[in-house]
Each structure stands twice: as structure tokens, then as C-alpha cells.
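# A look at the structure
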Amino acid sequence: MSSHTVSVLFVCLGNICRSPLAEGVFMAAAESRGLGSRFNADSAGTAAYHSGEPPDPRTTAVAAHHGVHLTSVARQVTRRDFERFDLVVAMDRSNRRSLERLRGHRPGPGSDAARIVMMRDFDPDLGSPDVPDPYYGGAEGFERVYRILERCCGGLLDDLAD
Ligand code: 4NP
């Protein structure tokens, strides 16, 4: 792994359920491997509906249940994020389409060259390409999302640590 800090932005629709949880789970997994100082993580939403809000209480609850403390405040993703982050991780195919539209189809070789990837590309278990949106369901959906994100963050760290 290169010596510079790798900056990772996790992106979902509202930035109150999946992506703040992904940010917290990723940093907790990095810290448990002694790699916390090698990574910088943040999260954002493709929509601004919840900008300025803390994570959904169900997100905070499932994180706390697994010992993960969330500190993020919702914000909308911006074009500048493609310059500031090395890797932009979309939770689902709709998020990826929104990110590609925002960036435009000709990423430059330098300043806006962040790699856009799908979170579930790093899931060691085969399944849907999407992290399901738990917003309109119950607590069990948040627990399911937590387990998916835990697997994917492990896979992502394996990949980045290569
Ligand atoms: P997230 O979930 O994209 O995982 O944060 C959602 C949060 C809010 C809404 C939809 C999905 N919403 O429609 O307000």
C-alpha cells in the first residue's frame, strides 16, 4: 500500500442511512487492523433532502449496537469531491448513475480522476449489486445493511491494503 493517506467517500441517496454507516464501519475496520491513520473517510448523498441532519436514529442505533460511533452530518455530494477523494464508493446503481452524471463522462487525467466504484463489488458473498435502501422498512433492514457493509468494508480494506 502506498504511504499517502487514501481518501474514501461513501455515497448513497440521503446520506442518513447507508453511507454514514459505511463511513463508520469502514473506519472502525481500518482501526481494528491498525490502519486507521492510512485512511480518511467521509460520506455524502446524491440528494440534499437531509443536508445538515445527523444520521437516521435507526442508523445510529444499529451502529451503536455494534460498537460503532457515528459523527457525520448529512451533505450533498459536489463536483469538488471528485478532486478531494481518491475513491468514491456508490451504495447502489442509481447512486452510481447520479455520480457519473455529476462528474460528466470525461474524467480528466488528474484533478477529477477519482475512481467511482460500487460497494458490493467488494462483497465476498455473491448477491445483489446494490446495498438495499433500508429507509422505508424496519429495524431488521438496518441490521441487514450493517452485515452487508461489514463484509464489504473488509473486502475494500483487503483491496486497498494490497
Ligand atoms: P440513504 O436512505 O440513501 O441510505 O440515506 C435514504 C434516506 C432518505 C430517503 C431515502 C433513502 N428519503 O427519501 O428521504
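Attention here is on the structure that accompanies the text. Remember, it's a predicted structure, so these values are computed and weren't measured experimentally.

### A few points about the environment of proline 55
By the secondary structure assignment, proline 55 is in the loop between β2 (39-45) and α2 (57-65). With a relative accessible area of 10%, proline 55 lands in the buried category. In sequence terms proline 55 and aspartate 81 are 26 residues apart; their C-alpha atoms lie 20 Å from each other. Once residues within four sequence positions are removed from consideration, proline 55 is found in contact with Ile16, Pro20, Thr60, Leu70 and Ser72.

### Focus on the pairing of strand β3 (residues 87-90)
Remark: a regular strand shows side chains that alternate across the two faces of the sheet. Every second residue of β3 is oriented toward a common face, with Leu87 and Val89 on one face and Val88 and Ala90 on the other, all of them buried. Sheet topology note: the strand β1 (residues 6-12)/β3 ladder contains 4 bridges and is parallel. Along β3, the bridge assignment pairs phenylalanine 10 with valine 89. Of the pairings in the sheet, the one linking β3 to strand β4 (residues 115-118) comprises 4 bridges and is parallel in character. Residue pairing across strands places alanine 90 opposite methionine 118, the latter belonging to β4.

### Notes on the packing of aromatic side chains
This model, assessed by the stated rule, comprises 3 aromatic pairs. An angle of 55 degrees between the planes, with centres 5.4 Å apart, marks the rings of phenylalanine 10 and phenylalanine 26 as tilted. In this pair, phenylalanine 10 sits in strand β1 while phenylalanine 26 sits in helix α1 (residues 18-32), placing the two residues 16 residues apart along the sequence. Classification of phenylalanine 10 by relative accessible area gives buried; the value is 0%. Classification of phenylalanine 26 by relative accessible area gives buried; the value is 0%. Within the aromatic cluster, the residues linked to one another by ring pairs are Phe10, Phe26 and Phe39.

### Focus on the sheet that holds β3
Read from one edge to the other, the open sheet built from 4 strands follows the order β2-β1-β3-β4, with strand pairing classed as parallel. Looking at the sheet topology across the chains shown, the edges are occupied by β2 and β4. Taken pair by pair, the neighbouring strands of this sheet meet at an average axis angle of 25 degrees, ignoring direction. In the sheet, β1 pairs with β2 via 7 bridges, with the strands oriented parallel. Across the sheet, the residue bridging to phenylalanine 10 is serine 43, located in β2. Contacting β1 and β2, α1 runs over the sheet at an angle of about 170 degrees to β2. Seen against the sheet, helix α5 (residues 139-161) touches β1, β2, β3 and β4 and runs at an angle of roughly 155 degrees to β3.

### A word on the pattern of salt bridges
If you walk through the whole model with that rule in mind, you get 13 salt bridges. Aspartate 133 is paired through a salt bridge with arginine 18; the nearest N and O atoms lie 3.9 Å apart. In this pair, aspartate 133 is assigned in the loop between β4 and α5 and arginine 18 in helix α1, connecting sequence segments 115 residues apart.

Basis of the calculations
- Residues numbered from 1 in each chain as written.
- Predicted model: local features only at pLDDT ≥ 70, side-chain atom pairs only at ≥ 80, totals over all residues.
- Heavy atoms only, no water.
- Helix = DSSP H or I, 4+ residues; strand = E, 2+ residues; numbered from the N terminus.
- Buried < 20%, exposed > 50% of the residue type's maximum accessible area, 1.4 Å probe, protein only.
- Contact = heavy atoms within 4.5 Å.
- Pairing = 2+ DSSP bridges.
- Phe/Tyr/Trp six-rings, centres within 6.5 Å; stacked < 30°, edge-to-face > 60°.
- Axes fitted to C-alpha atoms, helices over the stretch in contact; angles between N-to-C directions.
- Salt bridge = Lys/Arg side-chain N within 4 Å of Asp/Glu carboxyl O.

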